[in-house]
Amino acid sequence: MIQRFADWLVYDIFGLDASTALGEAINFFFYDTIKILILLFFISVIMGIINAYFPIERLRNYLTSRKLYGLQYFFAALFGAITPFCSCSSIPLFIGFVKGGIPLGVTFAYLITSPLVNEVAVAMFIGTFGLRITSIYVISGILLGMVGGFILGKMKLEPYLSDWVKQIQQNSTSDSGTWEKEHTPFFRRLPIIMQEAWGIVKGVLLYILIGIGIGAFMHGYVPEGFFEQYMSKDNWFAVPLSVVLAVPMYANAAGIVPVIEVFVTKGIPIGTALAFMMAVVGLSLPEATLLKKVMTWRLIGIFFGLITLFIIVLGYLYNIVL
Amino acid sequence: MEIKVLGTGCAGCKALYTTVEQVVKELALDAVVTKEEDLMKIMEYNVMTLPALVVDGKVVAKGKLSAKEVKDVLTK
């Protein structure tokens, strides 16, 4: 349906020729933009609804009040995936977890998955790569959080937390039942959730337009298989190189995914592209500087280093399997 | 009434501060509105979602709020 609308708009109304690069690029632009905006809005609404019923305080109480025999890593990573990530909340969250006596490893599981799997990334992935690749991305994101959190937890990194966090940790109590159930009925909440979803769409709109614009241009003008000569599967250093380049980047998922999609259609292996995107979305310099408030540089280094390494391994794995 | 907006300076926190100031003006409330940006102080309120709204030392709301919600909370 969206494709028909884009065809009609570009070929009939604008009068562009479907066989020209310009026509194809503009058609691609309209089709992708409309599709992704609709997806983003709906996914944000769904996540908003889930969040209204599972606030983070509830997760914390759940994790502190029960013996979960290792499953806590799974829950923390899963919640990281379904809660919206806002960099301004990541530190209070971290402290909140530490304060509640949640082990550092479990906190890391949350911290790894939360930025990696968010509504914007998921919407962009479904819109550009389809459901199969999106599920692979989401599942890897959750697994990465679990495994990464577990290993970081085993490494006994508590001494590398900053001093005031250590103090908080010593005074931690599992008695943090400050979470009060809200009794606002669903139909009264929905308008607020929709408003917030619209806010998310508005917030990334510009990045989406720029990203899809660049993607559309390349889609129309860069020849098929163009990148293959530079980054084929046989190139063993392509994965680590793209991951290491991606870590300091703080490109909004909204802007980067449409560009990467075109890279893939023009010959970059999907595994390399996925690893690149995980590194862009999951790790960034601004995040590192924020974490400085609660960790020493050494701990941030271990954290980022380990995750980078895992993403590189995942990249190779994707290239073999996919 | 003493109103505090907790936030580390992100866009949502600044927006809430502006909204609160507007509401206070509009309803002509006798209130002092301040911003708390020091993370260590913020954490003393035991919140995990920012921004958060504190009235007379008690956390009354968390997350982004519309002007109407702020009005509801402040006139309660």
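These numbers were taken from a predicted model, which means no experiment stands behind them.

S.K.: Explain empty space enclosed by the protein to me, using residue names and the numbers behind them.
M.R.: All names here are of chain A. Inspection of the entire model under this criterion finds 1 cavity of 30 Å³ or more. By volume, the largest cavity amounts to about 40 Å³. Around the largest cavity, the lining residues are Leu111, Ile112, Pro115, Leu116, Leu144, Gly282, Leu283, Phe303 and Ile307. Looking at the lining of the largest cavity, the elements that each hand over two or more residues are α6 (104-116) and α15 (297-321). The class makeup of the residues in the lining of the largest cavity is 8 nonpolar, 1 polar and no charged.

S.K.: Just give me the short version of the UniProt feature "transmembrane region" (unreviewed entry) in chain A, but keep the residues and values in it.
M.R.: Residues and elements named next belong to chain A. Within this structure's numbering, the places UniProt gives as "transmembrane region" (unreviewed entry) are residues 36-54, 74-95, 107-127, 133-152, 197-217, 237-260, 267-285 and 297-318. Counting secondary structure, residues 107-127 comes out at 90% helix and 0% strand; the distance between its end C-alpha atoms is 31 Å. Annotated as residues 133-152, this span is 100% helix and 0% strand, and its ends, taken at the C-alpha atoms, are 27 Å apart.

S.K.: Describe a nonpolar patch on the surface, with residues and values.
M.R.: All names here are of chain A. A cluster of nonpolar side chains, Trp236, Phe237, Leu241, Leu245 and Tyr316, forms an exposed patch at the surface whose accessible area comes to about 550 Å². With respect to the element layout, Trp236 can be found in the loop between α10 (186-221) and α11 (238-246). Since its relative accessible area comes to 62%, Trp236 is described here as exposed.

S.K.: Give me the lowdown on the UniProt feature "active site" (unreviewed entry) in chain B, citing residues and values where you can.
M.R.: Residue and element names in this part refer to chain B. The sites that UniProt annotates as "active site" (unreviewed entry) are Cys10 and Cys13. Following the sequence through the fold, Cys10 ends up in the loop between β1 (2-6) and α1 (11-26). Judged by relative accessible area, which is 16%, Cys10 ranks as buried. Inspection of the secondary structure puts Cys13 in helix α1. Residues within four places of Cys13 in sequence aside, it is in contact with Val5, Gly7, Thr8 and Pro51.

S.K.: If you had to explain the packing of helix α7 (residues 119-129) of chain A against helix α8 (residues 131-154) of chain A to someone new, which residues and values would you point to?
M.R.: All names here are of chain A. Contact geometry for α7 and α8: axes closest at 7 Å, N-to-C directions at 145°. Contacts between α7 and α8 involve Ala121, Val122, Phe125, Ile126 and Phe129 on the former and, on the latter, Leu131, Ile133, Thr134, Tyr137 and Val138. Along the lines of polarity and charge, the residues of the contact of α7 with α8 split into 9 nonpolar, 1 polar and no charged.

S.K.: So what's going on with the packing of α11 of chain A against helix α13 (residues 270-282) of chain A? Which residues, and what values?
M.R.: Residues and elements named next belong to chain A. Where α11 contacts α13, the axes come no closer than 8 Å and their chain directions differ by 20°. Classified by the angle their axes make, α11 and α13 are roughly parallel. In the crossing of α11 with α13, the sense of the turn from one axis to the other is right-handed. Only Thr272, Ala275, Phe276, Ala279 and Val280 of α13 make contact with α11, whose side of the interface consists of Ala238, Val239, Ser242, Val243 and Ala246. Looking at the contact of α11 with α13, its residues break down into 8 nonpolar, 2 polar and no charged.

S.K.: Report on the packing of aromatic side chains, specifying residues and quantitative values.
M.R.: Residue and element names in this part refer to chain A. Scanning all chains against the criterion turns up 10 aromatic pairs over all chains. For the pair Phe41 and Phe42, a centre-to-centre distance of 5.8 Å together with 80° between the ring planes defines the contact as edge-to-face. Residues Phe108 and Phe303 carry aromatic rings whose centres are separated by 4.9 Å and whose planes lie at 45° to one another, so their mutual orientation is tilted. Placement of Phe108 in helix α6 and of Phe303 in helix α15 is noted, with a sequence separation of 195 residues between them. A residue is classified by how much of its surface remains accessible, and Phe108, at 0% relative accessible area, is buried. Residue Phe303 is classed as buried on the basis of its relative accessible area of 1%.

S.K.: If you had to explain the environment of Phe276 of chain A to someone new, which residues and values would you point to?
M.R.: Residues and elements named next belong to chain A. Its location among the elements puts Phe276 in helix α13. C-alpha separation for the pair Phe276 and Gly199, spaced 77 residues apart in sequence, amounts to 27 Å. Beyond its immediate stretch of four places on either side in the chain, Phe276 contacts Ser242, Val243, Ala246, Met249, Ile256 and Ile260.

About the criteria used
- Residues numbered from 1 in each chain as written.
- Chains lettered and ligands numbered in written order.
- Predicted model: local features only at pLDDT ≥ 70, side-chain atom pairs only at ≥ 80, totals over all residues.
- Heavy atoms only, no water.
- 1 Å grid on protein atoms, 1.4 Å probe; cavity = no way out; pocket = protein on both sides within 12 Å on 5 of 7 lines; lining within 4 Å.
- Points joined across faces, edges and corners; volume = space filled by probe spheres on them.
- Helix = DSSP H or I, 4+ residues; strand = E, 2+ residues; numbered from the N terminus.
- Nonpolar A, V, L, I, M, F, W, Y, C, P; charged D, E, K, R; others polar.
- UniProt positions renumbered as here; feature names shortened; annotations may be inferred.
- Patch = residues over 30% accessible without salt bridge, like charges linked within 9 Å, V, L, I, M, F, W, Y side chains within 5 Å.
- Areas by Shrake-Rupley, 256 points an atom, 1.4 Å probe, with all protein chains shown as cover.
- Salt bridge = Lys/Arg side-chain N within 4 Å of Asp/Glu carboxyl O.
- Buried < 20%, exposed > 50% of the residue type's maximum accessible area, 1.4 Å probe, protein only.
- Contact = heavy atoms within 4.5 Å.
- Axes fitted to C-alpha atoms, helices over the stretch in contact; angles between N-to-C directions.
- Parallel < 35°, antiparallel > 145°, perpendicular 65-115°, else oblique.
- Left-handed = near helix turned anticlockwise from the far one by under 90°.
- Phe/Tyr/Trp six-rings, centres within 6.5 Å; stacked < 30°, edge-to-face > 60°.

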